[in-house]
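# Examination of the molecular architecture
Listed here are the chains, written in short residue letters.
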Amino acid sequence: MPEAPANDTASEYVVVDKSKIALEFIENVTTNADEVQKKVLGEILSRSSHVEYLQRYDLKGRVDRETFKKIIPVITYEDLQPDINRIANGDTSPILCGQPISEFLTSSGTSAGERKIMPTIEEELNRRSLLYSLLMPVMNEYVPGLDKGKGMYFLFIKSEAKTPSGLVARPVLTSYYKSSHFKNRPYDPYTNYTSPNETILCPDSYQSMYSQLLCGLYQNKEVLRVGAVFASGFIRAIRFLEKHWTSLCNDIRNGTIDSQITDPSVREAVLAILKPNPKLADFIQEECSKDSWKGIITRLWPNTKYIDVIVTGTMSQYIPTLNYYSNGLPLVCTMYASSECYFGLNLQPLCDPSEVSYTLIPTMAYFEFLPAHRNNGVSTKPKSLTEKERKELVDLVDVKLGQEYELIVTTYAGLYRYRVGDVLRVTGFKNKAPQFSFVCRKNVVLSIDSDKTDEVELQNAVINAVNHLVPFDSSLVEYTSYADTSTIPGHYVLYWELRHDGTTPIPPSVFEDCCLTMEESLNSVYRQGRVSDKSIGPLEIKIVESGTFDKLMDYAISRGASINQYKTPRCVKFQPIVELMNSRVVESYFSPKCPKWIVGLQQWRNQN
């Protein structure tokens, strides 16, 4: 992810001074985390003491933590939606926040099938920029010399919508890229990108991708780091290169830009950089013409030191593909953020992806944590909290090592004790501030009967199953799932897109083994349904054509999804999407037998 713009002119002294200040800031706020949190809550409540939402609960201007926790409820988006709708429909009275709502940020989550919209205020851009400004000082501690070259990041905007009130609604990254904080940033060696602003701000995703790749290839020797927001977006850029490298080479050879790039500002910005370079074009053509694209990133951008993408959570399934394309370059996850709030950053950026932890920066919002009791990988917390459960909520400095929590935030923009929906695990501490690994979203992704399978469990099952493909030099490119209840009993369907680099065909028995391994990896409730209750049919794996998940993403974008925030759904339910997936199935395999299951509750039931 890109860093915050600098506020000073470029010089070695300024860069060193800014880095020192940033690191001292992190040290200070994490050392005094509880005092900072008290101050943050006090500021939020004093600024918004007069708003309707807080008056509704008779807070009476009090700003102390004890009163706040006693009388303000823990809420979900559905609880807040009527107030958000009033603002979106033109009510300008202070409903949620003491400062004017400047726009809405669209979340990748949904409510009743619609995208969530989060109110925000102008000041939040400063807070997001602050977090961005901390990233490179931390990174430079581990990879020095990043100011001597450029970053090749694939960044995109999404066209925005207007609410009835006239306020714009757009993804958080679109908001940032279109802000003066990004567009008018002074030169800084740490925020020096191969992509001109015009290519990032181009609303046409094809023209944006093509022009950013063209600029990145032309400046290949200057590139020291590459990235995108999510791992899936970066891999999409590499696949785009696979399809269009001949046109890109032609442009580099002749110093031109393809006629399909029609945006005048993009053409002008790119042609200001591009000069004919036949030698570079020959080099790129030679590399891209080879049978294998293994290590293509380090081959085309030989000075690259790391890949900056999110590979935590469900994005972890892209790790093998990224390793394939990069010859094992470090995969760096720099920060943890959402539309609701920017949270924190990774202070050990070169750690293994499986060990990524984020330190929550106490100035970003007021944080609380609800212990997440999970059974067989399923979060069991109900939507509404009892009084006992409310008392279980703990503050930032009071979380316990190894415990899982659901994140709850109170923000400057008008969210009070809001359940973000993320489950985090405490992995350590930076001074007094805890560090968290991202576990999952709390929502269940698959269910046929009484079984409940979440993202983590499904991901682990897939990881175990794809090991059967390794001897055949084959790997999983992408996957999603579907609870097929058209059969009796219903069964889980996994759609797999594969990359097969070997010469030996994969026997059907291997895919059947994959099916069974997945079932063996799922929880006991699922396996009981398969073995004893017969309420769940054999798991099915459907192999789909190459490019199927690109089609799925294109479909989602055509319906309003943001190319920056898009993540492959781990479960599909919308019938047109199911039909799209089924139309591209080339082979289908079922689990050949029932998984193992040890008799437990069923046996006791029989004894009664």
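Being a predicted model, the structure only gives us computed values, none of them experimental. (Residues numbered from 1 in each chain as written. Predicted model: local features only at pLDDT ≥ 70, side-chain atom pairs only at ≥ 80, totals over all residues. Heavy atoms only, no water.)

## Section: the layout of surface pockets
One number sums up the size of the second largest pocket: a volume of about 660 Å³. Taken together, 28 residues line the second largest pocket, and the ones lying closest to its centre are T321, S475, L476, V477 and R499. Taken together, the elements giving at least two residues each to the lining of the second largest pocket come down to α11 (231–254), α15 (319–326), α17 (455–466), β21 (474–484) and β22 (491–500). Of the residues that constitute the lining of the second largest pocket, the class distribution is 11 nonpolar, 9 polar and 8 charged. Two domains share the lining of the second largest pocket, each providing at least three of its residues, namely domain 2 (144–304) and domain 3 (445–604). (1 Å grid on protein atoms, 1.4 Å probe; cavity = no way out; pocket = protein on both sides within 12 Å on 5 of 7 lines; lining within 4 Å. Points joined across faces, edges and corners; volume = space filled by probe spheres on them. Helix = DSSP H or I, 4+ residues; strand = E, 2+ residues; numbered from the N terminus. Nonpolar A, V, L, I, M, F, W, Y, C, P; charged D, E, K, R; others polar. Domains from an automatic or database assignment.)

## Quick notes on the confidence of the model for the protein chain
The predicted coordinates of low-pLDDT regions are not to be read in fine detail. Residues at a pLDDT of 70 or more form 91% of the protein chain, whose mean pLDDT is 86. Within the model, the stretch residues 375–382 combines pLDDT values under 50 with 23 contacts to residues more than four positions away or in other chains. Note on residues 600–608: pLDDT is under 50 here. Beyond four places in sequence and across chains, it has 5 contacts. (pLDDT = per-residue confidence, 0-100. Contact = heavy atoms within 4.5 Å.)

## Some details on the domain arrangement of the protein chain
Domain boundaries assigned for the protein chain yield domain 1 (21–121 + 335–375 + 386–442), domain 2 (144–304) and domain 3 (445–604). Put simply, the middle of domain 1 and the middle of domain 3, counted by C-alpha atoms, are 34 Å apart.

## Side note on the packing of α11 against helix α13 (residues 278–289)
What describes two packed helices is the angle between their axes and the distance between those same axes. Running from N to C, α11 and α13 point in directions that differ by 165 degrees, and their axes come no closer than 8 Å. When the axes of α11 and α13 are compared, the pair comes out roughly antiparallel. The handedness of the crossing between α11 and α13 comes out as left-handed. Residues W245, C249, I252 and R253 of α11 touch α13, and the partners they reach there are P278, L280, A281, D282, I284, Q285, C288 and S289. Residues of the contact of α11 with α13, tallied by class, amount to 8 nonpolar, 2 polar and 2 charged. (Axes fitted to C-alpha atoms, helices over the stretch in contact; angles between N-to-C directions. Parallel < 35°, antiparallel > 145°, perpendicular 65-115°, else oblique. Left-handed = near helix turned anticlockwise from the far one by under 90°.)

## Some points on the nonpolar core
F234, I297, F367, F369 and L407 are the most contacted members of the largest nonpolar core, which totals 158 residues. For this core, the element with the most residues is α11, which contributes 11 residues. When residues no more than four places from it in sequence are discounted, the contact partners of I297 are V226, F234, I238, I307, Y325, S326 and L329. (Core = buried A, V, L, I, M, F, W, Y, C linked by side-chain atoms within 4.5 Å. Buried < 20%, exposed > 50% of the residue type's maximum accessible area, 1.4 Å probe, protein only.)

## Section: the sheet that holds strand β23 (residues 540–544)
Picture the strands of a sheet paired through backbone hydrogen bonds; they go either parallel or antiparallel. Pairing within the open sheet is mixed, and its 4 strands lie in the order β21-β22-β23-β24. Across the chains shown, the open sheet's two edge strands, defined by having one partner strand only, are β21 and β24 (585–590). When the angles between neighbouring strand axes are averaged without regard to direction, this sheet yields 25 degrees. Where β22 and β23 come together, 4 bridges link them in parallel fashion. Bridging from a neighbouring strand, L494 pairs with I541 of β23. (Pairing = 2+ DSSP bridges.)

## Quick notes on the packing of helix α20 (residues 548–558) against helix α21 (residues 575–582)
At a minimum axis distance of 10 Å, the contact between α20 and α21 shows a crossing angle of 155 degrees. Classified by the angle between their axes, α20 and α21 sit roughly antiparallel to one another. Along this stretch, α20 crosses α21, giving a crossing that reads as right-handed. Where α20 abuts α21, its residues T548, F549, K551, L552 and Y555 lie against P576, I577, L580 and M581. When the residues that make up the contact of α20 with α21 are grouped by side-chain class, the tally is 7 nonpolar, 1 polar and 1 charged.

## Brief notes about the packing of aromatic side chains
Under the defined criterion, the tally for this structure stands at 22 aromatic pairs. Ring plane angle 70 degrees and centroid distance 5.5 Å describe the contact between Y324 and Y325, whose orientation is recorded as edge-to-face. Classification of Y324 by relative accessible area gives buried; the value is 18%. (Phe/Tyr/Trp six-rings, centres within 6.5 Å; stacked < 30°, edge-to-face > 60°.)

## A look at the pattern of salt bridges
Pairing between side chains of opposite charge can happen when the charged atoms of each approach one another. On inspection of all chains with the given rule, the structure shows 30 salt bridges. Across the pair D58 and K60 runs a salt bridge, and its minimum N-O distance is 3.5 Å. Under the relative-accessibility criterion, D58 is labelled partly exposed at 40%. The exposed category is assigned to K60, whose relative accessible area is 65%. The partner of D550 in a salt bridge is R239, with the nearest N and O atoms 3.7 Å apart. Residue D550 is found in helix α20, and its partner R239 is found in helix α11; the two are separated by 311 residues along the sequence. Given the relative accessible area of 12%, D550 is considered buried. Classification of R239 as buried rests on a relative accessible area of 17%. (Salt bridge = Lys/Arg side-chain N within 4 Å of Asp/Glu carboxyl O.)

## As for the sheet that holds strand β6 (residues 223–230)
Strand order in the open sheet formed by 4 strands is β3-β6-β7-β8, with parallel pairing between adjacent strands. Strands with a single pairing partner mark the edges of an open sheet, and in this sheet they are β3 (150–153) and β8 (331–332). Docked against the sheet, α11 engages β6 and β7 (306–310), running at close to 120 degrees with respect to β6.

## With respect to helix α18 (residues 508–521)
Three- or four-residue spacings in an α-helix give side chains the same orientation, since the helix completes a turn every 3.6 residues. End to end, α18 covers 20 Å across 14 residues, agreeing with the expected 20 Å (1.5 Å per residue, within 8%). Where α18 is buried, its residues touch α17, β22, α19 (524–531), β23 and β24. (Expected span 1.5 Å × (residues − 1).)

## Here's the deal with the pairing of β23
Most of β23 sits out of view: 5 of its 5 residues are buried. Neither face of β23 is left uncovered, since the one carrying E540, K542 and V544 and the one carrying I541 and I543 both have all their residues buried. Direction of pairing for β23 relative to β24: antiparallel, over a ladder of 5 bridges. Following the sheet pairing, K542 is matched in β24 by S588.

## Here's the deal with the environment of T410
Mapped onto the secondary structure, T410 falls in strand β16 (residues 404–410). The class for T410 is buried, based on a relative accessible area of 0%. Residues T410 and M364, spaced 46 residues apart in sequence, show a C-alpha to C-alpha distance of 9.6 Å. Those residues in contact with T410, other than ones at most four positions away along the chain, are L41, I44, F68, A365, Y366, L415, Y416 and R417. A distance of 3.0 Å separates a polar side-chain atom of T410 from the backbone nitrogen of R417. (Polar contact = N/O pair within 3.5 Å; in protein donor to acceptor, adjacent residues only side chain to side chain.)

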